[in-house]
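Summary of structural features
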Amino acid sequence: RERSLPPGPPTLPLLGNLHQFPTEYTRIQFSSWAKQYGNIFSLKIAHGTAIIITSPKIIRDYMDRHGVSTAGRPSFTPVNIVSGGLNVAFRNPDQPWKQLRKAIQMFLSKEACAKHLPIQKAEAIQLVYDVLKRPQDISAHIHRQAVSAILSTVYGTRSPRFENSLASEFTTFEHGQEVLFEPGAIPPIDFIPLLKYVPARWAPWKQKCLALRAQYQKIFFQLRDMCESRIRMNKRNGCFLEDVMDQQQKLGLTPELAAAVGANCLEAGSLTITAFMQTFVFCLVHHPQVQREAQKEIDELVGTDRLPNLDDFERLPYVQAVVNETNRFFPPVPLGAPHMSTADEMVEGYLVPKGSTIFMNYYGIYRDPDLFDEPELFNPSRFLSSEFGTKPGADDTGFRHDLHFGSGRRICPGIYFANTSIKMSVLNLLWAFNFESTENRQRDPQCPIRFDDFAPGLATGPKPFSCTLNVRSEQHANLIRAEYASARSTFEIFEHELSREEADFVANW
Ligand code: HEM
């Protein structure tokens, strides 16, 4: 390691720290190294450098304030193979990135999101209706809702059920990617480029990438073609991709780029929202006192004659604290998406050389005992006594509520869309159900959730868990049924291309 670099674990000749780079649960190893080497430390991966930041202040001062020189992305060959080089989150800020990001921002602006609100609201109603009918399948219902809301708004077609649907096909594809894309999960081909040329038969990672590429083309080209044929047949339903296709020339998008716009929204948006919602349910299942506190607050404001609405959220400080604590306890993208520096820069007295891969260790920040009292405990009340949940006397410089959505020029463009969906779903679920564990293992009552309850992956949440959600009263159940019946007219606009089985399902569900 060059002396000007931030400190880090001792290196071996040629390999650097390559032999120590974790192959899964990278977030845990990074957080433990941060304790040992500080909130900015470095790793040598052959002759490349990785910088790991575990401090909101450094994220603000370096990543946010030097947005241009930290906006690069390290080359990540597996993503490029799967997406044909068009995954916006993994592309350097070149012309196609600008085109894709501009188009995606059109879809996600506050103005555009106002148009998406009715279907987001209807999907949040179907979530509670689905849970009412099949309470033990909450995990599938959450996946379905997240995928279906984006499918409807982007492509104009929805997934009314999870099984044998676009939602399950996409989720299988997405899980395949997630496991493969976690830092450390495959050989370091981008640090040792020679490894790229190992033939597929000796490189399992390559075989997996090629299989995923075939799935990508099937799913996203088919969805784009569906929109195209709707436009040709004059049967538009106002979805975003129809706008993109109308402006394809103005936006300079080839048909492949147009398909990628939708693919990026679906990929970046659905798994992250799902990860948050799964974590939320998991934490509530194991903290009945938090449920009761949140329900008391909701009951006082909303009562039992109506479902909650989005405006209620601003008047429910404890529910807001539950959402903030869920993000702190396990951020959906624990290490963010790696950036790459495009210029030499001095940070906290150390050199961050041009070409370094930079990780923002949100997981480590939120588990830092210097910042949070008993960070391993799920305790929403910490957000009632300080804005960012930090302990008395802790320095909260650089904290913001959207810290875990990234930084600088690459900050997530979907914050508003995601938060709207999360707020509505959290409110509906808390209003309607009591969450109960159905697993037959004893947990420590002081600290019921452990780090190994969570799965590896880039965007991830708890490992599969068993629970059930019981409706709180017959009056709640009746209201949910009535709201679902009213939501049908919002759904119908996006149900013209359902398969016969899906149409039968809708008629009988
Ligand atoms: C809870 C929900 C979400 C979380 C936690 C989340 C988090 C993130 C993070 C950490 C990044 C990387 C930022 C960086 O590089 O510094 C990112 C990028 C991105 N997100 Fe999100 N996201 C969420 C929802 C969404 C939604 C709903 C959409 C769209 C429908 C979306 C679209 C994107 C896109 C397109 C990028 C790539 C931006 C770029 O590289 O230029 N995200 N997100």
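Quick look at the side chain of serine 341
Mapped onto the fold, serine 341 is located in the loop between β3 (339–340) and β4 (345–347). Since its relative accessible area comes to 1%, serine 341 is described here as buried. Reaching out from serine 341, the side chain makes a polar contact with the backbone oxygen of proline 353 at a distance of 2.8 Å. Leaving out residues up to four positions away in the same chain, serine 341 has contacts with Tyr62, Ser69, Val352, Pro353, Lys354, Gly355, Ser356 and Ile358.

Digging into the packing of helix α6 (residues 138–155) against helix α10 (residues 255–285)
Across the interface, α6 lies against α10 with an axial gap of 9 Å and an inter-helix angle of 150°. By the angle between their directions, the pair α6 and α10 is classed as roughly antiparallel. Judged by the twist between their axes, the crossing of α6 over α10 is right-handed. For the pair formed by α6 and α10, the contact residues are Ile138, Ser139, Ile142, His143, Ala146, Val147, Ile150, Leu151, Val154 and Tyr155 on the first element and Ala259, Gly262, Ala263, Cys265, Leu266, Gly269, Ser270, Ile273, Thr274, Met277, Gln278 and Val281 on the second. When its residues are assigned to classes, the contact of α6 with α10 shows 15 nonpolar, seven polar and no charged.

Considerations on the pattern of salt bridges
Following the criterion strictly, the structure yields 33 salt bridges and no others. Among the ionic pairs, aspartate 225 bridges to arginine 224, the shortest N-O distance being 3.2 Å. A salt bridge links glutamate 314 to lysine 423, with the shortest nitrogen-to-oxygen separation between them at 3.6 Å. Within this pair, whereas glutamate 314 is found in the loop between α12 (310–313) and α13 (317–329), its partner lysine 423 is found in helix α16 (residues 415–432), the two being separated by 109 residues in sequence. Residue class for lysine 423 comes out partly exposed when judged on its relative accessible area of 22%. Because the salt bridges share partners, they merge into one network encompassing Glu123, Asp130, Arg144, Arg158, Arg488 and Glu495.

Some remarks on the site of the ligand
If you check the shell around the ligand, you find 27 residues, and the closest are Arg73, Arg101, His339, Ser407 and Cys412. Between the ligand and the protein, one listed contact pairs an oxygen atom with a side-chain N or O atom of arginine 73 at 2.7 Å. The separation between an oxygen atom of the ligand and a polar side-chain atom of arginine 101 is 2.7 Å. Examining the composition of the shell around the ligand, we find that five residues originate from one element, α10, more than from any other. A class-by-class count of the residues in the shell around the ligand yields 16 nonpolar, eight polar and three charged.

Observations regarding the coordination of the iron atom of the ligand
Octahedral six-donor coordination of a metal ideally yields angles of 90 or 180 degrees, compared with 109.5 degrees for tetrahedral four-donor coordination. From the protein, the iron atom of the ligand takes a single donor atom, Cys412 (SG), 2.3 Å away. By the secondary structure assignment, cysteine 412 is in the loop between α15 (382–385) and α16.

Let's talk about the nonpolar core
Judged by nonpolar contacts, the single largest core of 114 residues is most densely connected at Phe220, Phe280, Val281, Leu429, Phe433 and Phe435. In terms of residue count, α10 provides more of this core than any other element does, 16 residues in total. The contacts of phenylalanine 435, once residues within four sequence positions are left out, are Phe280, Val281, Leu284, Val285, Gln291, Leu429, Leu430, Thr468 and Leu469. Counting residues in hydrophobic clusters, the runner-up holds 20 residues, among them Met63, Val347, Tyr366 and Leu403.

Focus: the packing of aromatic side chains
Evaluation of the coordinates by the stated rule reveals 27 aromatic pairs. Following the ring pairs from residue to residue traces out a cluster consisting of Phe282, Phe329, Phe330, Tyr363, Phe378, Phe454 and Phe465. The ring of phenylalanine 491 carries arginine 158 above its face, with NZ or CZ at 3.7 Å from the centroid. We note arginine 201 situated over the ring of tryptophan 202; from NZ or CZ to the ring centre the distance is 4.4 Å.

Reading the values: rules and limits
- Residues numbered from 1 in each chain as written.
- Predicted model: local features only at pLDDT ≥ 70, side-chain atom pairs only at ≥ 80, totals over all residues.
- Heavy atoms only, no water.
- Helix = DSSP H or I, 4+ residues; strand = E, 2+ residues; numbered from the N terminus.
- Buried < 20%, exposed > 50% of the residue type's maximum accessible area, 1.4 Å probe, protein only.
- Polar contact = N/O pair within 3.5 Å; in protein donor to acceptor, adjacent residues only side chain to side chain.
- Contact = heavy atoms within 4.5 Å.
- Axes fitted to C-alpha atoms, helices over the stretch in contact; angles between N-to-C directions.
- Parallel < 35°, antiparallel > 145°, perpendicular 65-115°, else oblique.
- Left-handed = near helix turned anticlockwise from the far one by under 90°.
- Nonpolar A, V, L, I, M, F, W, Y, C, P; charged D, E, K, R; others polar.
- Salt bridge = Lys/Arg side-chain N within 4 Å of Asp/Glu carboxyl O.
- Near = heavy atom within 4 Å.
- Donors = N, O, S within 2.8 Å, 3.2 Å for Na, K, Ca; no water.
- Core = buried A, V, L, I, M, F, W, Y, C linked by side-chain atoms within 4.5 Å.
- Phe/Tyr/Trp six-rings, centres within 6.5 Å; stacked < 30°, edge-to-face > 60°.
- Lys NZ or Arg CZ within 6 Å of the ring centre and 35° of its normal.

Just distances and angles here, no functional claims.
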